[in-house]
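# Structural features, examined
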There are 2 protein chains.
Amino acid sequence: MNLKELSELLQLSQTTVSRALNGYPEVSEATRARVVAAAQAHKYSPNARAQGLATGHSRCIGHVISVRDSGEMVNPIFGDFMAGAGETYAKHGYEMMLTRVEAQGEAEAYRNLKSRGSVDGVVIHAPRKNDSRLPLLHEIGLPFVVHGRASGTAVPYSWLDVNNRSAFEQLTGHLLELGHRRIALINGIEDLDFATRRRAGFEAAMQAAGAAVDPALMAANEMTEGHGYASAGEMLDSDRPPTAFVVSSIICALGVHRALDARGLRMGQDVSVATFDDCLSYLRNGDDAPIFTAMQSSVRAAGATLAEMLIERIRDASAAPRTCLWETEFVQGASTGPCRDGPTQAAV
Amino acid sequence: MNLKELSELLQLSQTTVSRALNGYPEVSEATRARVVAAAQAHKYSPNARAQGLATGHSRCIGHVISVRDSGEMVNPIFGDFMAGAGETYAKHGYEMMLTRVEAQGEAEAYRNLKSRGSVDGVVIHAPRKNDSRLPLLHEIGLPFVVHGRASGTAVPYSWLDVNNRSAFEQLTGHLLELGHRRIALINGIEDLDFATRRRAGFEAAMQAAGAAVDPALMAANEMTEGHGYASAGEMLDSDRPPTAFVVSSIICALGVHRALDARGLRMGQDVSVATFDDCLSYLRNGDDAPIFTAMQSSVRAAGATLAEMLIERIRDASAAPRTCLWETEFVQGASTGPCRDGPTQAAV
DNA sequence: CGCTGTTGTCAAAGCGCTTTGGAATGCCGT
DNA sequence: ACGGCATTCCAAAGCGCTTTGACAACAGCG
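Figured I'd write up the structure that's included with this text.

Parameters and conventions
Residues numbered from 1 in each chain as written. Chains lettered and ligands numbered in written order. Predicted model: local features only at pLDDT ≥ 70, side-chain atom pairs only at ≥ 80, totals over all residues. Helix = DSSP H or I, 4+ residues; strand = E, 2+ residues; numbered from the N terminus. Rg over C-alpha atoms; globule rule 2.2 N^0.38 Å. Buried ≥ 20, exposed ≤ 12 C-beta atoms within 10 Å, placed from the backbone. Contact = placed C-beta atoms within 7 Å. Least-squares fit on C-alpha atoms with pLDDT ≥ 70 in both. Arc of directions from axis to C-beta. Nonpolar A, V, L, I, M, F, W, Y, C, P; charged D, E, K, R; others polar. Pairing = 2+ DSSP bridges. Near = placed C-beta within 6 Å. Axes fitted to C-alpha atoms, helices over the stretch in contact; angles between N-to-C directions. Parallel < 35°, antiparallel > 145°, perpendicular 65-115°, else oblique. Right-handed = clockwise from strand over helix to strand, strands pointing away. Left-handed = near helix turned anticlockwise from the far one by under 90°.

### Structural notes on the overall build of chain A
Each helix and strand counted, chain A has 13 helices and 12 strands in total. Taken over C-alpha atoms, the radius of gyration comes to 25 Å for chain A, far larger than the 20 Å a tight globule of 348 residues would show. Projecting the C-alpha coordinates of chain A onto the three principal axes gives extents of approximately 90 × 45 × 35 Å. Within chain A, buried positions represent 50% of all 348 residues. Across chain A, contacts joining residues at least 24 apart in sequence account for 70% of those joining residues at least 6 apart.

Have a look at this one:
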């Protein structure tokens, strides 16, 4: 059933039927009701491509997932982010489109999205320092918003980020207050802007407290359970093990926990662990009592809000960019406790 | 830059340019080269919507994510599945489109996808018993493949599934061989077809060994860490705690582990845990030595293959449905060991 | 009664591509 | 020199929608 058939059936012109369905005022309420009823009865819905061709936009948002050198890694927060964004998209009648691309083809992927007209806008994930995507999108004129920030970018842009620096200052500060001095940082890949900020927050807190920042106690990698396990393990097995860990993700933190476990160390007693928590739906930080002491912020909510910002931007491309800096919430868990001097020496 | 402009620029008709770019034989190699060069130079790529309108298909695959009563849960395997599928789609020039929908609007979402012509086919996730989606899609004529199976469905369809029953027979059998008799099952929601099969495998192995299947030792819920923790905790705190667990997902298994931990029980020694493992990229079952004794199968690979099957099906809708039953691989981890009679009694 | 405004409707022109059915060109053999 | 046959190209007709500009019909006004 297409517009032509429907209009013939109704003995009306295509124009009138189209206007009736799209809520234009030039059509009488009587005919509008008749048209809407017929459309429902015959399960008519306009062809998306034809509609898009005529209007010049696709009502579709793009998300480009680029697979970097690390190869086959999937960002674990991806699902929750998309769930949040999807909710907003659905509300506004937008679809979401995913494109997977090898890192070197990234620029071309965005150009294609634009020139093929597949999407009305895109969300930039995992921004890096001086991220080349932002000037590119600016140049080709594809509306976008950024999940996070890209320091070093000259052009203004819309973004939503959590206050990573402050969050890590607080996590580190919490451990310092508990008397810890040898604190390790298990970070994400430090190419990524958020990881840089987290590190800066960590270092600032350490320096403010006059605690030494030991490069041997800083590891950065893909935020997997394995990274947490391996990096923490190495540090714990070293000559001068840390008494506490600041971790970039609850998934890594699980790995750190496992590393402690393997060495007979009790988390929260022998060694403390404080982590960032994205509030992933399948990995809540305890349903009743928090497992980890953490700074938390829902990545799902970020997706929903960021989607809202993008749609706004698509509607009015000339509007000034909007930015959001979300503060994160501290929760006290069982994973941190007072420093016991040198308990980890005894271990191994 | 569109086709018209490009053809004017080349002093050729739109027909010729189009044919040259699409590899039709009616155009001489000389002009084809000229056209291709010009297209690249001017970064021309055809408008996807116009192309779709003209050809009648969208080169796009749909994935409908329906949010069920459980509300805000995001399937943790989703990301890895999409990564695998996305790889295949990219290879064949397909895009992927996600639609998020409340459970009650599911049928309408599929109808819309079809009548709006947004996608050429869809992947069905998390099939249930007598899943209503299959007859629906059959009726409206939208090509589809199923990740898993839906028992009780009359119409034939293409699917790819792991042998859940056999996997759980093996996991359970392994524990039985180690002398365990009171074995608990931490399952996914048993509406879902795969969970039913897993339970059947568990029960079959128990019955074959003459071990009692205790309803108090079977829990089914959303496969989160919290479910594993809470369900295992209750069982461990009961009068007659289990000596071993069979778990439906590595994420749940982490929760079970935490529950053991909280009670001072050592996994693999005091209590055994055997789990299914989807080989999630951010949560590998140990990089060197496996953490858990598990039956494993890559959900990412499943995504890639299933995508291949769907594209095949789209190309030839009349072809007979294809089915794949993947056997899973057993890995021995440190999480299982011989049954110690009644060690869990002492605990709590 | 003619004039201006409003209201409800429509025919037709795109949107940018593919594809059908010709048509022009060049080359061959006879 | 001419018909026949490839080869190479093209004009135009869609695909299903939106939107422009025009047009009846009817009201209200002086």
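### Notes on the relation of the copies chain B and chain A
With an axial shift of 0.0 Å and an RMSD of 0.1 Å, the rotation relating chain B to chain A amounts to 180°. Here the copies are linked by what is in effect a two-fold axis.

### Some points on helix H7 (residues 133-140) of chain B
Residue and element names in this part refer to chain B. Listing the buried residues of H7 in full gives Arg133, Leu134 and Leu137. Down the axis of H7, the buried side of the element spans an arc of 100°, and every buried residue falls inside it. Contact partners of the buried residues in H7: helix H6 (106-115), strand E3 (121-124) and strand E4 (144-147). Immediately beyond the C-terminal end of H7, within one or two residues, lies Gly141, with a positive phi of roughly 75°.

### Examining the interface of chain B and chain A
By a widespread convention, an interface's size corresponds to the accessible area lost as its parts come together. Taken together, the 49 residues of chain B in the interface contact 48 residues of chain A. Counting residues per element, the side of chain B that touches chain A draws most heavily on helix H5 (residues 78-91) of chain B, at eight residues. A per-class count over the side of chain B that touches chain A returns 22 nonpolar, 15 polar and 12 charged. Looking at chain direction, strand E2 (residues 95-102) of chain A and strand E2 (residues 95-102) of chain B are connected through three bridges and run antiparallel. When the bridges of E2(B) are listed, A:Met96 appears paired with B:Leu98.

### Some details on the protein's contact with DNA strand D
Surrounding DNA strand D, one finds 26 residues, the nearest of these being A:Asn2, A:Leu3, A:Ser18, A:Ala54 and B:Ser13. Take the surface near DNA strand D: its biggest share by element is five residues, from helix H4 (residues 48-55) of chain A. Taken together, the residues that form the surface near DNA strand D break down as nine nonpolar, 14 polar and three charged.

### Here's the deal with the packing of helix H1 (residues 3-10) of chain A against helix H2 (residues 14-21) of chain A
Residue and element names in this part refer to chain A. Running from N to C, H1 and H2 point in directions that differ by 100°, and their axes come no closer than 9 Å. With respect to H2, the axis of H1 lies roughly perpendicular. Where H1 approaches H2, its residues Leu3, Lys4, Leu6, Ser7 and Leu10 are matched on the opposing element by Gln14, Val17 and Ser18.

### Re the environment of B:Phe276
All names here are of chain B. Tracing the sequence through the fold places Phe276 in strand E9 (residues 272-277). Spatially, the C-alpha atoms of Phe276 and Asn164 are 9.0 Å apart, while their sequence positions differ by 112 residues. Those residues in contact with Phe276, other than ones at most four positions away along the chain, are Ala167, Ser248, Ser249, Ala294 and Met295.

### Here's the deal with the pairing of E3(B)
Residues and elements named next belong to chain B. The two faces of E3 match: Gly121 and Val123 on one face and Val122 and Ile124 on the other face are all buried. Both strand E1 (residues 60-67) and E3 contribute to a ladder of three bridges, which runs parallel. Of the residues in E3, the one forming a bridge with Ile61 is Gly121. Relative to E4, E3 runs parallel, the two being bridged by three bridges. Along E4, the bridge assignment pairs Val122 with Phe144. Remark: the E3/H7/E4 crossover connection has right-handed handedness.

### Describing the packing of helix H10 (residues 225-237) of chain A against helix H11 (residues 250-262) of chain A
Residues and elements named next belong to chain A. In the contact formed by H10 and H11, the axes pass within 6 Å of each other and the chain directions differ by 40°. With respect to their mutual orientation, H10 and H11 come out oblique. Here the hand of the crossing between H10 and H11 comes out right-handed. Mapping the contact onto sequence places Glu225, Gly226, His227, Gly228, Tyr229, Ala232, Gly233 and Leu236 in H10 and Ile251, Cys252, Ala253, Leu254, Gly255, Val256, Arg258 and Ala259 in H11. Classifying every residue of the contact of H10 with H11 by side-chain character gives nine nonpolar, five polar and two charged.

### Quick look at the protein's contact with DNA strand C
Around DNA strand C, 26 residues are found, and the nearest of them are A:Ser13, B:Asn2, B:Leu3, B:Ser18 and B:Ala54. Sorting the residues of the surface near DNA strand C by element identifies H2 and H4 of chain A together with helix H1 (3-10), helix H2 (14-21) and helix H4 (48-55) of chain B as the ones contributing at least two each. Along the lines of polarity and charge, the residues of the surface near DNA strand C split into nine nonpolar, 14 polar and three charged.

### Observations concerning the pairing of E1(B)
As defined by bridge partners, E1(B) adjoins E2(B) across eight bridges and the pair is classed as parallel. Looking across to E2(B), one finds that B:Ser66 is bridged to B:Val101.

### Focus on the sheet that holds strand E6 (residues 183-187) of chain B
Working definition: the strands of a sheet are paired by backbone hydrogen bonds and lie parallel or antiparallel to each other. All names here are of chain B. Taken together, six strands build an open sheet; the order of strands is E7-E6-E8-E9-E10-E12 and the sheet is mixed. Of all the strands in the sheet, just strand E7 (218-220) and strand E12 (329-331) have a single pairing partner and so form its edges. Going across the sheet, the axis of each strand differs from the next one's by a mean of 15°, ignoring polarity. Inspection of the sheet shows E6 paired to strand E8 (residues 244-247) by four bridges, in the parallel sense. Bridging from a neighbouring strand, Ile186 pairs with Val247 of E8. Strand contacts of helix H9 (residues 193-208): E6, E7 and E8, with the helix running at about 170° to E6, the strand carrying the most contacts.

### Description of the sheet that holds strand E6 (residues 183-187) of chain A
Residue and element names in this part refer to chain A. Across the sheet, which stays open at both edges, the six strands sit in the order E7-E6-E8-E9-E10-E12 with mixed pairing between neighbours. Looking at strand neighbours, the two that pair on one side only are strand E7 (218-220) and strand E12 (329-331), the edges of this open sheet. Adjacent strand axes in the sheet meet at a mean angle of 15°, parallel and antiparallel pairs treated alike. The sheet contact formed by strand E8 (residues 244-247) and strand E9 (residues 272-277) spans four bridges and is parallel. Within E9, the residue paired with Val247 across the bridge is Thr275. On the sheet, H11 packs against E6, E8 and E9 and is oriented at approximately 160° with respect to E9.

### Topic: the environment of A:Leu265
Residue and element names in this part refer to chain A. Structurally, Leu265 is set in the loop between H11 and E9. Overall, the presence of 19 C-beta atoms within 10 Å leaves Leu265 in the partly exposed class. Spatially, the C-alpha atom of Leu265 lies 27 Å from that of Pro76, the residues being 189 residues apart in sequence.

### Side note on unusual backbone geometry
Unlike most non-glycine residues, A:Lys43 shows phi in positive territory, near 50°. The residue A:Lys43 is located in the loop between helix H3 (29-41) and H4 in this model. Non-glycine residue B:Arg59 carries a positive phi angle of around 50°. When you line up the elements, B:Arg59 lands in the loop between H4 and E1. A count of 18 C-beta atoms within 10 Å places B:Arg59 in the partly exposed class.

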